[in-house]
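# Analysis of the macromolecular model
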Amino acid sequence: MPVLDLFGRPMQAVSKTELLERQAVASLGSVRQIHAGHPADGLTPVRLTALLRAAEIGDATAYLELAEQMEEKDLHYSAVLGVRKRAIRSLDLHVEPGNETAAAQDLAEMTRSVLNSSAIRTTLIDMMDAIGKGYSVCEIVWAQEGRSLTIADLELVDPRWFEFDKENGRHLYLRDNAGPQPLRPDSYVIHMAKSKSGLPIRGGLARLASWAYLFKNFTIKDWSIFCEAYGHPLRLGRYDSAATLQDRQTLLRAVRQIGVDMAAIIPKSMEVEIINAAAAGSEKLYEGTARWWDEQLSKGVLGQVATTDAIAGGHAVGKIHENVRDDIRDADAEQLAATLQRDVAGALRRVCFPANIAIPLPHIRFELDDGIDPRVLLGLLNKRPRGLRIATADVYRAFNLRKPADDEDVLADPDPVAPPAPPVPAAPVLPDQRIAASRSEAPPRDSIDALIDELLAEGDLQQAMDAEIGPLLEALAGATDFDEVKDILDSFAGETPSQAFLDLLGRATFAARIAGEVGAEVRDQ
């Protein structure tokens, strides 16, 4: 069976000499240039529509340049996109062999060594550039290691140097003066972030965020003009009818200098009046619009706004939104792991192992290292079930301790806890003494006690109390800190008890008042 590439096309074998040479490099006179255009300058809705449609039919150069400029010019978009790109840095990379054979073990170890190198770990962020642009391409830098080759680095390649097949919109080719060229096998790591289904060029978040960027840019420009117009008071100059042209020019120059230099001189016969601008509250329109677009960008990139924007909701809402961002991070990590398995581990298998040996690819995954609560672990160590074995390495790691060397001084073991003393048998108690003790210890019961027993026996008040404060008690039981408790109490403070509960509580209170006042007893009917 032929070996297929990312796009399902058969891959041709290449020599080691070819792999040692770079293919996607810039050169003078080539279509692969480092100089880029700046379509975001003076961007209008008509131009944005045109470049987005051009990207769909195969010419994505302007769109990719716009995506690059958006990260440079929009602080909020750059921040939230950077958070999403770097979210995988909080995950641990795991590489497990495909099976138990020695060859699979060797391939997994080789893949693990390559991916854990500092050069490759830093390049993972370059691969995540596909989140904004739809795809990213890194060229594999092969190096000679003895008689074999190894992956020394991954170099990010400008996405403008590639183009999609104009027929299907999915196959990627390298741009060249001679026309689109197929990508050399085992030389590229191609990551396509599927933020949405459809063509890869339409799956980047930059396409989604471009309209928010455009309208927010218009808002900021209008806001700047507003601040320039109303940030300074109006300087009104008056001259009489006998003023000459030179006098009028002198007056105009004076009022202009007052706005800039805050100093000017005019003839005594002229007058300058300072009129303060009455535009209180108008600036909130521009600020609110710009903030609203920032929130839409946060929703589009991170799926939520609580971790980036100051909104109402408190600590509890922030934790829920943090879980939404974690779901997106895990999905991005899963896609990246599949790319690394296909293009990195697959290239190592084809280049470094004989072709006649069937070796399964290693399993690559990113996982969050869930730390162990030291308090829970300490309680487990003190009261662990019989037969439960706990590795000392896990204990050292949980408490962030270093395993001491054999010749180091260590703390002495704590003294064993003395077993409790056996109970001393009590002296026999006579019947008369037992009756007297029970009479002296038991508190006297009155009509209030009888009323409480009756209400609890009927169960109506208990059921009503469970229905009213049961959700509050359950929410408080799940709180993890005082901030979350405060948020839960604030959210329940505005709720009004049901009328049935208020009526039942009122009747019970009235009955208790009557029983206490007149000493009435509650009798069974």
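Fair warning: this is a prediction, and the values are worked out from it, not measured in the lab.

### Details of the environment of Thr49
Along the polypeptide, Thr49 turns up in helix 2 (residues 45-56). For the pair formed by Thr49 and Trp211, sequence separation is 162 residues and the distance between their alpha carbons is 9.4 Å. Engagement of the side chain of Thr49 in a polar contact is seen with the backbone oxygen of Pro45, the distance being 2.8 Å.

### A look at the packing of aromatic side chains
What characterises a pair of aromatic rings is the spacing of the ring centres plus the angle enclosed by the ring planes. In the structure shown here, the tally under the stated rule is five aromatic pairs. Plain terms: the ring middles of Tyr135 and Phe164 are 5.1 Å apart, the flat faces sit at 85 degrees to each other, and that makes the pair edge-to-face. Highlighted residues: Tyr135 in strand 2 (residues 135-145) and Phe164 in strand 4 (residues 162-164), separated in sequence by 29 residues. In this structure Phe164 comes out as buried when scored by relative accessible area, which is 8%. Pairing Trp292 with Trp293 gives two aromatic rings, centres 4.8 Å apart and planes at 75 degrees, and the pair type is edge-to-face. Assessed through its relative accessible area of 46%, Trp292 is described here as partly exposed. Given a relative accessible area of 18%, Trp293 falls into the buried group. Put simply, the rings of Trp211, Phe215, Trp292 and Trp293 touch in pairs and so form one group of aromatic residues.

### Describing the pattern of salt bridges
In this structure the tally under the stated criterion is 28 salt bridges. Salt-bridge contacts for Lys73 lead to Asp41; the nearest nitrogen and oxygen are separated by 3.4 Å. On the criterion of sequence distance, the pair formed by Lys73 in helix 3 (residues 61-73) and Asp41 in the loop between helix 1 (16-19) and helix 2 is long-range, its members being 32 residues apart. By relative accessible area, Lys73 is classed as partly exposed at 42%. Note on Asp41: relative accessible area 42%, which makes it partly exposed. Residue Arg112 pairs with Glu109 through a salt bridge whose shortest N-O separation is 2.6 Å. Taken together, the residues span about one helical turn, with Arg112 and Glu109 both in helix 5 (residues 102-115) at a distance of three residues. A relative accessible area of 26% means that Arg112 is categorised as partly exposed.

### A few points about the sheet that holds strand 3 (residues 148-157)
Taken together, the three strands give an open sheet; going across it, the order is 3-2-6, and neighbouring strands pair in antiparallel fashion. Each edge of the open sheet is held by one strand with a lone partner, namely strand 3 and strand 6 (188-192). Each neighbouring strand pair of the sheet contributes to a mean axis angle of 25 degrees, computed without reference to strand direction. Bridge count for strand 2 against strand 3 is nine bridges, and the pairing is antiparallel.

### Re the side chain of Asp165
Within the element layout of this structure, Asp165 appears in the loop between strand 4 and strand 5 (172-174). For Asp165, a relative accessible area of 17% gives the class buried. For Asp165, the contacting residues outside a window of four places in its chain are Arg170, His171 and Tyr173.

### Some words on helix 5
Given a rise of 1.5 Å per residue, 14 residues ought to cover 20 Å, and the 20 Å separating the end C-alpha atoms of helix 5 matches this to within 8%. Buried within helix 5 we find Ala104, Leu107, Ala108, Thr111, Val114 and Leu115. For helix 5, the angular spread of the buried residues around the axis is 130 degrees, confining them to a single face.

What counts and what doesn't
Residues numbered from 1 in each chain as written. Predicted model: local features only at pLDDT ≥ 70, side-chain atom pairs only at ≥ 80, totals over all residues. Heavy atoms only, no water. Helix = DSSP H or I, 4+ residues; strand = E, 2+ residues; numbered from the N terminus. Polar contact = N/O pair within 3.5 Å; in protein donor to acceptor, adjacent residues only side chain to side chain. Phe/Tyr/Trp six-rings, centres within 6.5 Å; stacked < 30°, edge-to-face > 60°. Buried < 20%, exposed > 50% of the residue type's maximum accessible area, 1.4 Å probe, protein only. Salt bridge = Lys/Arg side-chain N within 4 Å of Asp/Glu carboxyl O. Pairing = 2+ DSSP bridges. Axes fitted to C-alpha atoms, helices over the stretch in contact; angles between N-to-C directions. Contact = heavy atoms within 4.5 Å. Expected span 1.5 Å × (residues − 1). Arc of directions from axis to C-beta.

Purely geometric stuff here, so don't read any function into it on its own.
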